[in-house]
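Coordinates in review
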Amino acid sequence: MHLPNLVRVFVDTRIFQRMRHIKQLAMCSYVYPGATHKRFFHSIGTCHLAYELIKGLRHRQPELAVTSRDILCVTLAALCHDLGHPC
């Protein structure tokens, strides 16, 4: 998976790393033991999909004039979308 280098700066922060311990599906793992998704990995996956989406838009619809800054902003917004979850 390729992402902009700045993504790593965000992922390496303490506030982002705490999401390694926050479950995406809360109590579902008690009913479905395989359901152990964490917000950390969910956010990185969302970041990757947003990055691919915005790059695709830039390539397929040049009339939108998507800039490198736009790509970075969309990518970082997707990466950070779960940071406010308390637990």
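Everything discussed here concerns the structure shown above.
Here's a quick rundown of the structure. (Residues numbered from 1 in each chain as written. Predicted model: local features only at pLDDT ≥ 70, side-chain atom pairs only at ≥ 80, totals over all residues. Heavy atoms only, no water.)

1. Describing the overall build of the protein
Short version of the rule: Labels follow the DSSP assignment, with helices taken as runs of H or I lasting at least four residues and strands as runs of E lasting at least two, numbered in each case from the N terminus. Only C-alpha atoms enter the radius of gyration, while the globule expectation follows 2.2 Å times N to the 0.38, with N the number of residues. Note on classification: 1.4 Å probe, protein chains only; a residue is buried when its accessible area is under 20% of the maximum for its type, exposed when over 50%, partly exposed between these limits. Two residues qualify as a contact provided that any one of their heavy atoms is within 4.5 Å of a heavy atom in the partner residue. Here the accessible surface of atoms and residues is derived via Shrake-Rupley with a 1.4 Å probe, and residues count as covered only by protein chains that are part of the display. Counted as positive: Lys and Arg. Counted as negative: Asp and Glu, with His and the chain ends omitted from the count. Where a charge lies is defined by one atom per residue type, namely NZ (Lys), CZ (Arg), CG (Asp) and CD (Glu).
Within the protein, the secondary structure is distributed over five helices and zero strands. Beginning at the N terminus, the succession of helices and strands in the protein can be written as α-α-α-α-α. Taken over the C-alpha trace, the protein has a radius of gyration of 15 Å; the compact-globule value for 87 residues is 12 Å, which it surpasses by more than 25%. If you line up the protein on its principal axes, its C-alpha atoms span 50 × 25 × 20 Å. Of all 87 residues assigned to the protein, the portion counted as buried reaches 29%. Of all intrachain contacts in the protein linking residues separated by at least 6 positions in sequence, the fraction that spans at least 24 positions is 60%. Roughly 6100 Å² of accessible area belongs to the protein as shown, and the carbon and sulfur atoms make up 63% of that amount. Separation of charge centres in the protein, based on 11 positive and 5 negative side chains, amounts to 10 Å.

2. A closer look at the pattern of salt bridges
Quick note on the threshold: Each reported salt bridge corresponds to a side-chain nitrogen of Lys or Arg within 4 Å of a carboxyl oxygen of Asp or Glu.
Applying the stated criterion across every chain, the model contains three salt bridges. Residue K55 is joined to E52 by a salt bridge in which the shortest nitrogen-to-oxygen separation is 3.6 Å. Of this pair, K55 and E52 both sit in helix α4 (residues 39-60), three residues apart, roughly one helical turn. According to the relative accessible area criterion, K55 is partly exposed, its value standing at 32%.

3. Details of the nonpolar core
Soluble globular proteins tend to bury their nonpolar side chains together. Convention followed: Each nonpolar core is a collection of buried residues, namely Ala, Val, Leu, Ile, Met, Phe, Trp, Tyr and Cys, held together in the definition by side-chain atoms within 4.5 Å.
Of all hydrophobic cores here, the largest spans 15 residues; its most connected members are V7, V11, F16, F40 and L79. Looking at this core, the elements that each hand over two or more residues are α1 (5-11), α4 and α5 (68-79). Top element by residues in this core is α4. It accounts for five residues. If we ignore the near neighbours within four places in the chain, the residues touching V7 are C47, T75, L76 and L79.

4. A word on the side chain of S43
Tracing the sequence through the fold places S43 in helix α4. Looking at S43, the relative accessible area reads 0%, which means it is buried. Setting aside residues up to four positions removed in sequence, S43 forms contacts with F16, M19, A78, L79, H81 and D82.

5. Side note on the packing of aromatic side chains
Put simply, the rule reads: Stacked, edge-to-face and tilted labels apply to pairs of Phe, Tyr and Trp rings (six-membered ring for Trp) whose centres lie within 6.5 Å, assigned for plane angles under 30 degrees, over 60, and everything in between, in that order.
In total, this model carries two aromatic pairs according to the counting rule given. For the pair F40 and F41, a centre-to-centre distance of 5.0 Å together with 90 degrees between the ring planes defines the contact as edge-to-face. By relative accessible area, which is 3% here, F40 ends up buried. Through successive ring pairs, a cluster of aromatic residues spans F16, F40 and F41.

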